[in-house]
Amino acid sequence: MRWKIRFISIIILVIMFLPMFGDISRASADTSSGMNVLDPGQSIEYTNNTSYPFRIDVSGDYDYEHINSDSSIGGYGSANGDPWSFGLTTTMYPGESLRMTNTTENQLQVSPMCVFCGNAQLSFVLNNGPAMEYVTLQKGQSVNFTNSMKWTVPINPNGAYDYQHIEADGSIIDYGNNEVGGNSISPGEGLRITNKYDDQLIMSIPYDYYIHLNPVFSNLTTNKKTVIFIPAFLGTTLTANDGSNFQLWEPDLDNISEYISLLRLNSDGSSAFPVKVNDPLEEYYGGMITALNKFDGNKDGIPDLDVHVFPYDWRLDNRINAENLQVFINKLNVDKVTIIAHSMGGLLASKYIALGNSQKVDKLITIGTPYLGAPKGLYAFETGNLMDNFLKDYLLSQPLKAIAPNMSSAYQLLPSRMYFDINNTYYSRQVINNGWFKRNSVINFTSYDATNYFLLQDRKDWVNPSLLNDVDQFQQSLDIQNTLNSVNSYLIVGHGDKTQGLVTENFNQNLVYDNTDYEPIDGDGTVPLISASLGGRVVNENGDYYFIGNRSNTYFRKGVEHSALPDDQTVINQVLQIINGNYTAVSGMDDRAKFSQSLKVRVESPVDLNIYDQNGNHLGPVNGTQYEENIPSGTYYQSGHTKTALLEYGNYNIKLVGTGYGTATLILQKYDELNKLIKTIRFDNVDVTPKTIMTTTTDMGNSIQLVVDKNGDGNTSILKPSAVLDETGSNDQTPPSISFTIDGTKSNYNWYNSDVTLSLQGQDPESGINRMEYRLNDGDAQIYQGPIKFGQEGQTKIDAVAYNNNRLNSDAVTTNINIDKTPPTLSVSLDKNELWAPNHKLETVNAKVIANDSLSGVAKIELVSITSNEPDSGLGDIQNASYGTFDTSFDLRAERSGKNKSGRVYTITYKVTDLAGNVTTQSVNVTVSHDQR
């Protein structure tokens, strides 16, 4: 082909020919093979059977295809036919052909020219047909195109169709089901279009392109198996159905909040904004769908499967999507289908079967389906972390958390009633930090109803009561055991990745959510083994523990994370083998799961948690917005400043890097094969700065120390664990107790009149006492180091709490140390200090007694005694005195002895006692003088 001859060549031709024929248009008329006029859509094909080159001039726009003398395609495309634009004219050499099509709405003039040809002319065929070729496919027909040209060819079907884009090596690079709208074929690619629907499908293709697409027609053969693939929760792209076609899921990271907000739902679970479903996410399902489309079990060069993908709006109630699946399958007009479903897609498929469609299902193959629910669903509601990628969680968690409360499907992923019954287990615990004075409240929700009550009462900030209450009805409507028994079902279960089992929700004393803790069970990192397998039994073989599913045809894939299961080659091989009628486990797949010991690493502080295995694989953050999980079987979670890693037990290196100021608590816990906690090592309250680096290992069989470089300057200190607990101590759920003894002189009124020594005693028989703290007069808490001495007078309030080594605290005990070592004051006066005359008569004497005590206060004032320095006259010289009471009025006789020249002296004594037992006495006298001299 000689297309668009270089300008220099054309200019030389023009210079050579110009003197010979002068005006080009006149010479053209004399020497051409004749001008042809093409109506819109018409085409003409020239063949140069002469020995001369011809030049073709065209008056308008056209499409062309140039064929070399060896029948190879020399060039093709679209051009503007201005004959004076030398670069756009075409020269035909002997043996070549040229096809030209009028692509305008006006007539097109085509003029071949040859100067030295004599009477030689080009032969041509004028095609009066349309510019477009129309290809019709009836139901069950398909056509394969292969684009051998160098530009993209548009194809415009008039209705719904299925398609596959195919690379030159046969791999499928794109696919679609129930598509409506235009398509295209890129250079070097293939395109297979199939009409699987009732209406005939008509496609319009430019005629000049069509003949070079090598169409091959075929009918769907009756022996092809119809396969439906159903993706997981979050597994289908969603776009705005308002004409904008914005991709709302997964959204452009530059418009996350805006796009995710358009996925919000009404309180009844319906979409608040028009949304339409599109293809499943290529990154998770491309490998599986490609393998299904290419599967040739018969080895005859013809794919065996008629593959349909069922994308759906994963936000909605699975009952709605099951009904949509029913419509989708019915439209295929086939007797039976094989359903392959990932994760929640398996619940959707099960609901479809439960609707009375078991006779339509040949096989059901589920991959990591949470038949009994997944505890991680609770974590997702609390944090919004729904992705298996830290960057996506970092960016999407808050927008997703905002829309999750009205998402029916998310509630339907929570553990079901059967999760509790079949496995005799539970998944939720509430811990309320009641403050310093009261022990923490620990509540294990050991039943389905107790768990729901907790969510309805204490998680009102996100729970939609109507949707949560509806979950039980949905889960029971699945009738999952009988539903799976009604079809040939095959369960592919991920295991060996440490998965959230028991979820502990921590609250402050005001019932405000703080953070979440997790205990591991076996699973795929998202769905527990016991849920994806519908329960099973554990067997012990020579000390090794194995899990065997309750159902036959259960396959276990170890060490592949939940979202990666569908594209795992071993899983793909197993699926294809099951489809092909071979139900044995493929290489890499097990018929039972071997349990391993687990390790939990948890850090509570402003630090980053990094863990490295012996091969240098890393689990933890790689920068401020991303983390990686490159350690096999390891999973990583973050809740506020709390980071948790769940791993298979082994010796790892831990590196903690400070991100702020505060204190850090590092906890290492080892679990046995049956997920029982058997050892705990903890470092409490380590000071942290933004420069702090701490390192340790997880070799819990040896002594573990924490190396702390507080300021990042290379100067390190070595810390020993704050607690090392065995199995008994690690599982201690009984709070400690605390008491005190006080040494001092104490009154009956709880006052001491001496120095006091207070000692604290803590008791915890399981994990032991870690520390005791006390507060004086509501001041700051202090660590109890030994007996506390009090000598200063006054009142002191003491509160004390004990903590055991398993971080449980006692209720506070409170006492008061009241010290008053100062005696009270006492003042006594009488209204008569002398009786005269000594007439032997009784006279009444009144006392005025005033007592005071500024600390403990006056406890008692009493008349102690009234005495006389002379013997009683025998008549009762002291009468009406009540000793030991506060008697202030009594009778004394005006009597004296004549022999005693000093006279008689009555001594009246009072005593005051304060509340601390301090005593003051005072005596006053009444005299009866001998005479008045």
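See the structure above.
Conventions adopted
Residues numbered from 1 in each chain as written. Predicted model: local features only at pLDDT ≥ 70, side-chain atom pairs only at ≥ 80, totals over all residues. Heavy atoms only, no water. Pairing = 2+ DSSP bridges. Helix = DSSP H or I, 4+ residues; strand = E, 2+ residues; numbered from the N terminus. 1 Å grid on protein atoms, 1.4 Å probe; cavity = no way out; pocket = protein on both sides within 12 Å on 5 of 7 lines; lining within 4 Å. Points joined across faces, edges and corners; volume = space filled by probe spheres on them. Nonpolar A, V, L, I, M, F, W, Y, C, P; charged D, E, K, R; others polar. Axes fitted to C-alpha atoms, helices over the stretch in contact; angles between N-to-C directions. Buried < 20%, exposed > 50% of the residue type's maximum accessible area, 1.4 Å probe, protein only. Arc of directions from axis to C-beta. Contact = heavy atoms within 4.5 Å. Parallel < 35°, antiparallel > 145°, perpendicular 65-115°, else oblique. Left-handed = near helix turned anticlockwise from the far one by under 90°.

**Student:** Help me get a handle on the sheet that holds strand 57 (residues 842-852), residues and values and all.
**Tutor:** Overall, antiparallel pairing links the four strands, which are arranged 56-57-60-59 in an open sheet. Only two strands of the sheet have a single neighbouring strand rather than two, namely strand 56 (825-830) and strand 59 (878-879). Where strand 57 lies against strand 60 (residues 889-893), five bridges are found, and the strand directions are antiparallel. When the bridges of strand 60 are listed, Leu842 appears paired with Arg893.

**Student:** Before we move on, could you go through the pairing of strand 62 (residues 919-928) and cite the residues and values that matter?
**Tutor:** Across 10 bridges, the pairing between strand 61 (residues 904-914) and strand 62 is antiparallel. Bridge pairing in strand 62 links Tyr906 to Val926. Joining the antiparallel neighbours strand 61 and strand 62 is a turn of four residues, in which Gly917 adopts a positive phi near 95°.

**Student:** Before we move on, could you go through the environment of Asn330 and cite the residues and values that matter?
**Tutor:** By secondary structure assignment, the location of Asn330 is in helix 6 (residues 318-332). Taking the C-alpha atoms as reference, Asn330 lies 9.3 Å from Lys360; in sequence the two are 30 residues apart.

**Student:** Quick rundown of empty space enclosed by the protein? Include the residues and the values.
**Tutor:** Overall, the coordinates contain four cavities of 30 Å³ or more when judged by the stated rule. In this structure, the second largest cavity occupies an estimated 50 Å³ of space. Every element with two or more residues in the lining of the second largest cavity is listed here: helix 12 (448-458) and helix 13 (465-477). Here the lining of the second largest cavity is built from residues that sort into seven nonpolar, three polar and no charged.

**Student:** Go over the sheet that holds strand 61 with me, naming the residues and quoting the values.
**Tutor:** Read across the open sheet, the three strands follow the order 58-61-62; overall the sheet is antiparallel. Strand pairing shows two members of the sheet lacking a second neighbour, strand 58 (858-868) and strand 62, which therefore form its edges. Adjacent strand axes in the sheet meet at a mean angle of 15° when their direction is disregarded.

**Student:** Mind laying out the pairing of strand 56, listing which residues take part and the relevant values?
**Tutor:** Where burial is concerned, the two faces of strand 56 differ: the one with Leu826, Val828 and Leu830 is buried and the one with Thr825, Ser827 and Ser829 is not. Of the pairings in the sheet, the one linking strand 56 to strand 57 comprises six bridges and is antiparallel in character. Note that in strand 57 the partner of Leu830 across the bridge is Ala847.

**Student:** How would you sum up helix 12? Please name residues and give values.
**Tutor:** Three or more residues of helix 12 are buried, namely Tyr448, Thr451, Asn452, Phe454 and Leu455. Across the axial projection of helix 12, the buried residues extend over an arc of 155°, all falling on one side. The elements touched by buried residues of helix 12 are helix 8 (376-383), helix 11 (417-423), strand 27 (428-432), strand 28 (441-445), helix 13 and strand 30 (497-507).

**Student:** Break down the packing of helix 12 against helix 13 for me, citing the residues and quoting the values.
**Tutor:** Between helix 12 and helix 13, the least distance of the axes is 10 Å, while the angle of their chain directions is 160°. By the angle between their axes, helix 12 is roughly antiparallel relative to helix 13. Note on packing geometry: the crossing formed by helix 12 with helix 13 is right-handed. Judged by residue contacts, Tyr448, Asn452, Leu455 and Leu456 of helix 12 engage Pro465, Leu468, Asn469, Val471, Asp472 and Gln475 from helix 13. When its residues are assigned to classes, the contact of helix 12 with helix 13 shows six nonpolar, three polar and one charged.

Function cannot be inferred from these measures alone, as they are strictly geometric.
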